[in-house]
Amino acid sequence: MAVKLLWYLTSPDGPYPWLESGRWDTDYEHLQQIAITADRLGFYGSLMGTSEYETLAVAASLIPFTERLKFLVAQHPGEVQPAVLAKYAQSFDAFSQGRLLFNVVNGNDKGLAALGIHYSHDERYDFSKEYWTAFQQNYLGDKSGFEGEFIQISPRQEGASPMSTWHGPTQKQGVPLWGAGTSVKGVQHSVELLDVYLSFANTPPLLGEKFSKVAAEAAKVGRRLEFGTRLQIIVRETEEEAWQYAQSLLDKLDVNYAIEAVKRQLPPDATFETYQSNNHVVQKNLELLRQGILPQAKDFEIYPNIWTGPSLFGFDILNPAAGTALVGSAENIAERIKEYERYGVSAFILSGFPLIGEAYRVADLLFPLLELDHGFELPKLKHRSSVDSLVKKIVA
Ligand SMILES: Cc1cc2nc3c(=O)[nH]c(=O)nc-3n(C[C@H](O)[C@H](O)[C@H](O)COP(=O)(O)O)c2cc1C
């Protein structure tokens, strides 16, 4: 098996962007630089997550700076009429030679209501299924219209009117749909609709368990999905260097930051003083925090080279969630990625900070140790040239 590696483009950036002191004031030019870096290094694609800018606009604006990089664009169903999105996708694909992927995100009640989308949790998934079905039909050139419970589209007549003139699909199987969803309804929606099922990371066995349940549900409806996950990364030439770096990130925090992070993760009726975890590593960290001691970086290693240290996406001390990281030498991390692969994971959406520096490290140190399924030949970096040694040489 081979894997696809993607890089997170629209994230806030800086050496430790979860603290204001470590976050850069970035702009469009910076986004262009990250896109150019990810493209030239040979990443399969880029995650265009919801951010302060509209993902569709950001992705389109980066087409001219990239040649191969695919754009995994977060899209909430209902933000744009499905036929309009289909025409948009045809245009995007025509201009980018078919580099569009959608990340089907279903959002939350408050956020969607503020966009004018008012569906309850379960209804949202039914609507989404119709929305993306109508989208894909229109993208593929079906003009016969759509009669659904939520969506009605009239047949489109061929004619001279600019509204009825469409370019046609570039991706002949449709735009690949990636997405997540853990609730019963979310899984049902995923297995019926998605090509790639995503989840925030956990240890390989626990993530594998989640994915095998989803694969079993998919089999019931005669479908097979690919599986992907999202991880931060700190890769260095040696394991020691990587953990030293992780420790240096932790050293920038005080213990109250960690205590507040725990409080945010507690179940509704639990308190920081009394909560007990049945995971002994977590319980030990909790006891240290209660004594006012911040645990060491290695104390947050929940599985070899899997870390729940501080990150932009959470300091998930009680349970791994959106901020889980891979920490280690390239050999350690390649081994862990191969372990995830054995549990069926074939796409890895990575990010490390600062985004450009860490992207170079990943390409330089890790790419050569993995079999990559990117659909093109990788641009050649000098093997083992190492970003760190290059930087040292330039400084000397
Ligand atoms: C890799 C990945 C990327 C995501 N990107 C976005 C995003 O850009 N915007 C958004 O609103 N939600 C995003 N999500 C959140 C999911 O759509 C979903 O709300 C989240 O996974 C929690 O749902 P679940 O617990 O049912 O899986 C992302 C999730 C994953 C796993």
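Residues numbered from 1 in each chain as written. Predicted model: local features only at pLDDT ≥ 70, side-chain atom pairs only at ≥ 80, totals over all residues.

Looking at an unreviewed UniProt entry, one finds the protein chain named LLM class flavin-dependent oxidoreductase, with Acinetobacter thutiue as its source organism.

Visitor: Would you mind going over the overall build of the protein chain with me for this structure?
Guide: Per the secondary structure count, the protein chain includes 13 helices and 13 strands. Scaling as 2.2 N^0.38, a compact globule of 396 residues should have a C-alpha radius of gyration of about 21 Å, and the protein chain matches this with 22 Å. Dimensions of the protein chain along its principal axes, counting C-alpha atoms only, are 70 × 55 × 40 Å. Sequence separation of 24 or more characterises 72% of the internal contacts of the protein chain that already satisfy a separation of 6 or more. (Helix = DSSP H or I, 4+ residues; strand = E, 2+ residues; numbered from the N terminus. Rg over C-alpha atoms; globule rule 2.2 N^0.38 Å. Contact = placed C-beta atoms within 7 Å.)

Visitor: Can you help me understand unusual backbone geometry in this one?
Guide: Glycine aside, a negative phi is what most residues show, and trans is what most peptide bonds show. Here the bond from Phe353 into Pro354 is cis, since omega is -15°, no more than 30 degrees from zero. Looking at the element boundaries, Pro354 is found in the loop between β13 (345–351) and α12 (355–366). Unusually for a residue other than glycine, Gln97 sits at a positive phi of about 60°. Take Gln97: it is sitting in the loop between α3 (82–96) and β4 (100–104). At Asn305, a position not held by glycine, the phi torsion is positive, near 65°. Along the chain, Asn305 falls in the loop between β10 (301–303) and β11 (306–307).

Visitor: Any chance you could explain the pairing of strand β1 (residues 4–8) here in plain terms?
Guide: Note on strand geometry: in a regular strand, side chains alternate between the two faces of the sheet. Counted residue by residue, β1 has 4 buried out of 5 residues, so it is predominantly covered. Pairing of β1 with β13, which is carried by 4 bridges, proceeds in the parallel orientation. Each bridged residue has a counterpart across the sheet, and for Lys4 the counterpart in β13 is Ala347. In this structure, β1 lies alongside strand β2 (residues 45–48), joined through 3 bridges in parallel fashion. Opposite Trp7, over in β2, you have Ser46 as the bridge partner. A crossover connection joins β1 to the parallel β2 through helix α1 (residues 28–41); in handedness this β-α-β unit is right-handed. (Buried ≥ 20, exposed ≤ 12 C-beta atoms within 10 Å, placed from the backbone. Pairing = 2+ DSSP bridges. Right-handed = clockwise from strand over helix to strand, strands pointing away.)

Visitor: How should the site of the ligand be read in this particular structure?
Guide: Lining the immediate surroundings of the ligand are 17 residues, of which Gly49, Thr50, Ala74, Ala180 and Thr182 lie closest. Of the residues that constitute the shell around the ligand, the class distribution is 6 nonpolar, 10 polar and 1 charged. (Near = placed C-beta within 6 Å. Nonpolar A, V, L, I, M, F, W, Y, C, P; charged D, E, K, R; others polar.)

Visitor: Is there a simple way to think about the nonpolar core in this case?
Guide: Across soluble globular proteins, nonpolar side chains show a tendency to be buried alongside one another. Leu6 and Val73 are the most contacted members of the largest nonpolar core, which has 88 residues in total. If we ignore the near neighbours within four places in the chain, the residues touching Leu6 are Phe43, Tyr44, Gly45, Ser46, Leu47, Leu72, Ala347, Phe348, Ile349 and Leu350. Counting 8 residues, the second largest nonpolar core, distinct from the first, contains Ala258, Val262, Val282 and Ile317. (Core = buried A, V, L, I, M, F, W, Y, C linked by C-beta atoms within 7 Å.)

Visitor: I'm lost on helix α9 (residues 255–265) in this one. Help?
Guide: Residue pairs spaced three or four apart in an α-helix point in one direction, given the helix's 3.6 residues per turn. Among the residues making up α9, those that are buried are Ala258, Ala261 and Val262. Down the axis of α9, the smallest arc covering the buried residues is 100°, so these residues share one side. Opposite the packed face of α9, turned more than 90 degrees from it, sit the exposed residues Asn256, Glu260 and Arg264. Where α9 is buried, its residues meet α10 (280–290). (Arc of directions from axis to C-beta.)

Visitor: Teacher, can you tell me more about α10 here?
Guide: Regarding α10, the residues found buried are Val282, Asn285 and Leu286. Projected down its long axis, α10 carries its buried residues within an arc of 105°, all on one side. Summarising the geometry of α10, the exposed residues directed more than 90 degrees from the buried face are His280 and Glu287. On its buried face, α10 is in contact with α9. Count one or two residues on from α10 and you reach Gly292, which has phi positive near 80°.

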